[in-house]
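Structural description and commentary
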Amino acid sequence: MKPNSGTLVINIMNGGKAEAYEGVYQCTARNERGAAISNNIVIRPSRSPLWTKEKLEPNQVREGDSLVLHCRPPVGLPPPIIFWMDNAFQRLPQSERVSQGLNGDLYFSNVQPEDTREDYICYARFNHTQTIQQKQPISVKVFSMDSLNDTIAANLSDTDIYGAKPVTERQPILLTPTGSTSTKVELRGNVLLLECIAAGLPTPVIRWIKEGGELPANRTFFENFKKTLKIVDVSEADSGNYKCIARNILGSAHHVISVTVKAAPYWITAPRNLVLSPGEDGTLICRANGNPKPNISWLANGVPIAIAPEDPSRKVDGDTIIFSHVQERSSAVYQCNASNEYGYLLANAFVNVLAEPPRILTPANKLYQVIADSPALLDCAYFGSPKPEIEWFKGVKGSILSGSEYVFHDNGTLEIPVAQKDSTGTYTCVARNELGKIQNEVQLEVKDPTMIIKQPEYKVIQRYGQVSFECIIKHDSTLLPTVIWLKDNDELPDDERFLVGKDNLTIMNVTDKDDGTYTCIVNTTLDSVSASAVLTVVAAPPTPAIIYARPNPPFDLELTGQLERSVELSWIPGDENNSPITNFVIEYEDGLHEPGVWHYQTEVPGTQTTVQLKLSPYVNYSFRVIAVNEIGRSQPSEPSEQYLTKSANPDENPSNVQGIGSEPDNLVITWESLKGFQSNGPGLQYKVSWRQKDVDDEWTSVIVANVSKYIVSGTPTFVPYEIKVQALNDLGYAPEPSEVIGHSGEDLPMVAPGNVQVHVINSTLAKVHWDPVPLKTVRGHLQGYKVYYWKVQSLSRRSRRHVEKKILTFRGNKTFGMLPGLEPYSSYKLNVRVVNGKGEGPASPDKVFKTPEGVPSSPSFLKITNPTLDSLTLEWGSPTHPNGVLTSYILKFQPINNTHELGPLVEIRIPANESSLILKNLNYSTRYKFYFNAQTSVGSGSQITEEAVTIMDEGKMAGILRPAVGAGKVQPLYPRIRNVTTAAAETYANISWEYEGPDHANFYVEYGVAGSKEDWKKEIVNGSRSFFVLKGLTPGTAYKVRVGAEGLSGFRSSEDVFETGPAMASRQVDIATQGWFIGLMCAVALLILILLIVCFIRRNKGGKYPVKEKEDAHADPEIQPMKEDDGTFGEYSDAEDHKPLKKGSRTPSDRTVKKEDSDDSLVDYGEGVNGQFNEDGSFIGQYSGKKEKEPAEGNESSEAPSPVNAMNSFV
């Protein structure tokens, strides 16, 4: 067995017999958690036996008869591949008449004279042993009717009647299979092969059908000239009767093969690994099918479960194992075996009982980007045991996401089926089980969709015209779009007539082949849109049009005035094709160095037909000319005659000469070789010279060819050298080259910086100094110094952790550097190394330094729980980074009144070892703001703030409303003011709104003239009503208005705009000044006074009466007093008629509705504002509270609570 592996290697190359290892093998892997086993592996040696000796008689057969040549190959392992050949090792031709059967025999439907031969040889190829066995040749002799007639005629007289029967035609008969029916069994998933070979003359044609059904499509194939039916991947549905029909002109024969498809076991549900936590339940399911039905058996750790160690949490029920209240000892590997007579299946399933807190596998702060109105999938891959529960939140303090707008997948993924722009934000995934909780944040960005706001339109254009398609797009500003144009769903033709602009496609000189559909496709990283238009090209008008085309190529090129460095080229221009030639382009070919490659030489104006060309030595020139007009370039002219210039010394030397060592003891000299035509002659070489700088040495030179690098070995380490490279050829040297300075190879620095000193500046910053190393010890280009530093331990926690070294590099010959980002109150080590081009030198001795204490970070959390009438419980977590020894915690708090004003600040110092505190003697129903931070000896750290409210006096609430469920908890505040509506008259307007948030809030209304830059005017709303009346407005003026809530971090609604009504005409007579009206009002006042006197007299005579009767009569909660002791409703008596309300019968003064500052006077709601205030008093009834015995009128949602209800809702 291979080391550190489960692979078993059997090697018989050095001896041994394969038969010795024949058998069934199985692998078992075992550890303390259980044992897994593999499937059975069967090893059998291959066999390729020889053919048995047999005496073969020649086959003599009459023409037209059928014939079968039997192969009968030896049985091998694996079975051999059969084929027929002759003595020349040529395959025997096969056809519909002659073919090889599946068993290897060679079948002749009818023999012909050309079938006579003595070398029918059957071969068996054993691929595994790479051997071929040969059967003895078989002889076949065919007697034709003509030769038989000639033989008979020679033995009879002329008067005798003679003649053998001619070749007779015969109807088909089946050679294989025999009989009228047969059966075939095949396994599911295998290839089904059915064969029918028939004899007959003429040669029969084979056809296949399935009785009562169709042959399966896409899986049926015909082979061997349709004599073999092949069905791949068979299933139980392929069972049935298959009929082969052999037919010729004389009749037909058929055979029915009954096919039965059996099946080795196959999985329906394979057992899967199971992870359970202690005490959980689970099941392992093993379901398989086959034909016949497989048997299911279970093993535990490779042992049959019947004899395996007992486990009380385990129960076997057929193909299922049921686990109940598992324990850690229940961990094991279970094997399921499903078997029938055709095979078996084996699967391992690991039942792992473990307790593991949740882990989130999705990377933190992963960014998801989607297009608006498309789905968004936010991943939260997790693991834990027991299986964690997943919750999603939006924002930092958002509530749990729920509802139909979200889909929560079992794998933790949050799906937003239709993401909107307001879906953008931070989403938090929280995974929790009984062992812990973990959370992860991901970011979602919703982008605007890409749109084509102006699409290309259908165009009809005349031939040779110009057409343009527009494609103007609108896209999200953060996405970069790309625009692609297609023609007929393929790329645009590679033609300069097609001009693609930013927002359009222009086609110049349109031709018939430009006809088609043009599509504009806009792609971004998130979406894609497209639009298409059709271009129809029509013929030009009947009037003859001038045809413009590219010019014809120039011709008759001629070279004259040949000199060593120049030649004159002349030519005759071709036809301009109605567009003047603007210029000629001259190209050359170097047949000596780059044959077949044409290079640009120069160009001349279109009026010029000769040019003087400059030449280089040792170049075999050919020239050609191209004419250019506005339509395009002509085809190149025919090449001119060749002209070989004479050789000369090189004119230039190699460029970019450098000398850089690759090893400490060498110098690598490199350069850029000259081009072929720059050599100026044959035999191009380079003279490489070098000498050590500042040393009185002679130049050392070497001549090389066909290279661009030379390595000088045995040099001192990092020494400057003077270098030059000179070109030469067979005629001589190039001019003297310039010298460059290079260096031999670098080596690692030899010494470390010394005298390393550390000066700690503060708790997070230190300065390190060192002495520079001598330059001669650097042994290379000094690149700088590297400071390695790492934290050894925190002085406050005394806990070591994984050492993560940090590196700072200081370029050049610096001797000091700053170390930022240190952790306060920690022990550090550092060392310094010098760096050159080869690497780093040795490190200086480790220097230890310590950072002083710093201020701590904020406490990890602050929770306020258990509110009572006069106390709150505070719980907190210690700072994540104490940065020293904590000395204490500082708690400051102050009350906040309804106008968001802060009260006196109280400060408490708490010992550092405390993690909770109960604050007592607080005011009931009061909001407090808390400031909390930790301290070290250096100072105070950053603070964390929180707000909470004490609950209301329960005794004063008993007769009002029972506290709601959860009233003892501190409720979070997430306010919202929406649906601000206005109803305006000439000088006043009614403002109403809807509020969502804490039950008690003080509102204010701000308003101003629309479009004005003046400051907003502010009006305080009395109580917690959801409406307000603005007075003193100017008629016919547009106003802006918004509503805010006091004490809620300045939260306001969106703005609304309204306009007051126009002023009424002043010509109307003031009714209040009319005498008859004044008299009428005085009479009404007198009647009311008389009625009041009568009521008071009757009341004084009646004594006491229950409040219930008073309620039925008046139903006004504002005048119902409460008892002082128990808060229940009392009774009226004549002794208390003129006394003020008892103490405690109303809410605190800041919430008492007083007449002088109330806005619900009937005067404020005089003649209705555009019909908003009905004369039947419905608005007033809504404001003062619903009556118990009368149905509510109007919209209940606009109802404002009474002071009593307001006090209840605050709780």
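Bear in mind the structure is a predicted one, so any value in this text is a computation, not a measurement.

Counting secondary structure elements, the chain contains 6 helices and 85 strands. Here the chain, with 1211 residues, has 38% of them falling under the buried criterion. Counting contacts in the chain only where the partners sit at least 6 residues apart, residues at least 24 apart contribute 63% of the total. In the structure as shown, the chain presents an accessible area of about 68,900 Å², 51% of it carried by carbon and sulfur atoms.

On to the state of the cysteines. On inspection of all chains with the given rule, the structure shows 5 disulfides. One disulfide in the model links cysteine 196 with cysteine 244; its S-S distance is 1.8 Å. Here cysteine 196 and cysteine 244 share a disulfide; its torsion about the S-S bond, -65 degrees, makes the bridge left-handed. Separated by 48 residues along the polypeptide, cysteine 196 in the loop between β15 (192–195) and β16 (197–201) and cysteine 244 in strand β20 (residues 240–248) bring together distant segments of the chain. Of the two residues, cysteine 196 and cysteine 244, both sit in the buried class. One disulfide bridge connects cysteine 380 with cysteine 429, the sulfur atoms lying 1.8 Å from each other. A torsion of -60 degrees about the S-S bond marks the disulfide between cysteine 380 and cysteine 429 as left-handed.

Attention now moves to the sheet that holds strand β56 (residues 643–644). With respect to topology, 4 strands assemble into an open sheet ordered β53-β52-β55-β56, the strand pairing being antiparallel. On the outer flanks of this sheet lie β53 (594–605) and β56, each paired with one strand and no other. Where strand β52 (residues 583–590) lies against strand β55 (residues 620–628), 8 bridges are found, and the strand directions are antiparallel. The partner of glutamate 589 across the bridge, within β55, is serine 622.

Turning our eyes to something else, we now look at a nonpolar patch on the surface. A cluster of nonpolar side chains, namely Trp1076, Leu1080, Met1081, Val1084, Ile1088, Leu1092 and Phe1096, defines an oily patch on the protein surface of about 690 Å² accessible area. For methionine 1081, the position within the fold is in helix α3 (residues 1075–1102).

Turning next to the packing of aromatic side chains. One pass over the full model with this rule turns up 23 aromatic pairs. Aromatic pair phenylalanine 323 and tyrosine 334: ring centres 5.5 Å apart, planes at 70 degrees, arrangement edge-to-face. Placement of the pair is phenylalanine 323 in strand β28 (residues 320–323) and tyrosine 334 in strand β29 (residues 332–340), with a sequence separation of 11 residues. Relative accessible area serves as the criterion here: at 1%, phenylalanine 323 is assigned to the buried category. Sitting over the face of the ring of tryptophan 790, lysine 805 holds its NZ or CZ atom 4.3 Å from the ring centroid.

As a further point, take the pairing of strand β81 (residues 1002–1009). Across the 8 residues that make up β81, a large majority, 7, are buried. Sheet topology places β81 next to strand β82 (residues 1017–1020); 4 bridges connect them, and they run antiparallel. Following the sheet pairing, glutamate 1006 is matched in β82 by lysine 1018.

In this structure the tally under the stated criterion is 31 salt bridges. Notably, a salt bridge pairs glutamate 211 with lysine 243, separated by 3.8 Å at the nearest N-O pair. Residue glutamate 211 is found in the loop between β17 (205–210) and β18 (220–223), and its partner lysine 243 is found in strand β20; the two are separated by 32 residues along the sequence. Residues arginine 565 and aspartate 651 are paired through a salt bridge, measuring 3.5 Å at the closest nitrogen-oxygen approach. Here arginine 565, found in the loop between β50 (555–560) and β51 (566–572), pairs with aspartate 651, found in the loop between β56 and β57 (655–660); they are 86 residues apart in sequence, far enough to count as distant. For arginine 565, a relative accessible area of 39% corresponds to the partly exposed category.

Along the polypeptide, isoleucine 631 turns up in the loop between β55 and β56. Its relative accessible area of 31% is what places isoleucine 631 among the partly exposed residues. Taking the C-alpha atoms as reference points, isoleucine 631 and serine 579, separated by 52 residues in sequence, lie 7.3 Å from one another. What isoleucine 631 contacts, discounting residues up to four positions off in sequence, is Glu496, Tyr548, Ala549, Arg550 and Ser579.

For the pair lysine 243 and arginine 207, spaced 36 residues apart in the sequence, the C-alpha separation amounts to 8.3 Å. Discounting chain neighbours no more than four positions away, the residues touching lysine 243 are Arg207, Trp208, Ile209, Glu211, His254, His255 and Val256.

The residue lysine 675 is located in the loop between β58 (666–672) and β59 (685–692) in this model. Once the C-alpha coordinates of lysine 675 and histidine 593 are considered, the two residues, 82 residues apart in sequence, prove to be 9.2 Å apart.

Let us look at the sheet that holds strand β39 (residues 436–447). The strand order across the open sheet built from 4 strands is β32-β39-β38-β35, with neighbouring strands paired in mixed fashion. Sheet topology places β32 (366–371) and β35 (389–394) at the edges, where each strand pairs with a single neighbour. Sheet twist, expressed as the average angle between the axes of neighbouring strands with direction ignored, equals 30 degrees. Looking at chain direction, β35 and strand β38 (residues 425–433) are connected through 6 bridges and run antiparallel. Paired with glutamate 391 across the strands is valine 430, a residue of β38.

Further remarks concern the side chain of glutamine 894. Mapping glutamine 894 onto the fold places it in strand β74 (residues 888–896). Within the structure, glutamine 894 has its side chain in polar contact with the backbone oxygen of glycine 903 (distance 2.8 Å). The residues touching glutamine 894, leaving out its near neighbours within four places in the chain, are Leu902, Gly903, Pro904, Leu905, Arg927, Tyr928, Lys929 and Tyr931.

This brings us to unusual backbone geometry. For the peptide bond that leads from leucine 77 to proline 78, omega is -5 degrees, which places it in the cis range. Mapped onto the elements of the fold, proline 78 is located in the loop between β6 (67–69) and β7 (81–85). A cis amide bond links serine 385 with the next residue in sequence, proline 386, at an omega value of 0 degrees. Within the element layout of this structure, proline 386 appears in the loop between β34 (382–385) and β35. Here the phi dihedral of tyrosine 825 falls at roughly 55 degrees; this positive angle occurs in a residue that is not glycine. Along the polypeptide, tyrosine 825 turns up in the loop between β69 (816–819) and β70 (826–836).

With that out of the way, let us pick up the confidence of the model for the chain. Per-residue confidence for the chain gives a mean pLDDT of 83; residues scoring 70 or more make up 84%. Here residues 1065–1069 scores under 50 on pLDDT; set against residues more than four positions off or in separate chains, the count is 1 contact.

All right, on to the side chain of aspartate 105 then. With respect to the helices and strands, aspartate 105 occurs in the loop between β8 (98–100) and β9 (106–108). Here aspartate 105 sits buried without a salt bridge, and the closest side chain of opposite charge, arginine 72, lies 6.4 Å off (N-O distance). Each residue touching aspartate 105, except ones within four places of it in the same chain, is listed here: Val68, Leu69, His70, Cys71, Arg72, Trp84, Ser99 and Gln100.

Calculation rules
Residues numbered from 1 in each chain as written. Predicted model: local features only at pLDDT ≥ 70, side-chain atom pairs only at ≥ 80, totals over all residues. Heavy atoms only, no water. Helix = DSSP H or I, 4+ residues; strand = E, 2+ residues; numbered from the N terminus. Buried < 20%, exposed > 50% of the residue type's maximum accessible area, 1.4 Å probe, protein only. Contact = heavy atoms within 4.5 Å. Areas by Shrake-Rupley, 256 points an atom, 1.4 Å probe, with all protein chains shown as cover. Disulfide = S-S within 2.5 Å. Pairing = 2+ DSSP bridges. Patch = residues over 30% accessible without salt bridge, like charges linked within 9 Å, V, L, I, M, F, W, Y side chains within 5 Å. Salt bridge = Lys/Arg side-chain N within 4 Å of Asp/Glu carboxyl O. Phe/Tyr/Trp six-rings, centres within 6.5 Å; stacked < 30°, edge-to-face > 60°. Lys NZ or Arg CZ within 6 Å of the ring centre and 35° of its normal. Axes fitted to C-alpha atoms, helices over the stretch in contact; angles between N-to-C directions. Polar contact = N/O pair within 3.5 Å; in protein donor to acceptor, adjacent residues only side chain to side chain. pLDDT = per-residue confidence, 0-100. Lys, Arg positive; Asp, Glu negative; His and termini not counted.

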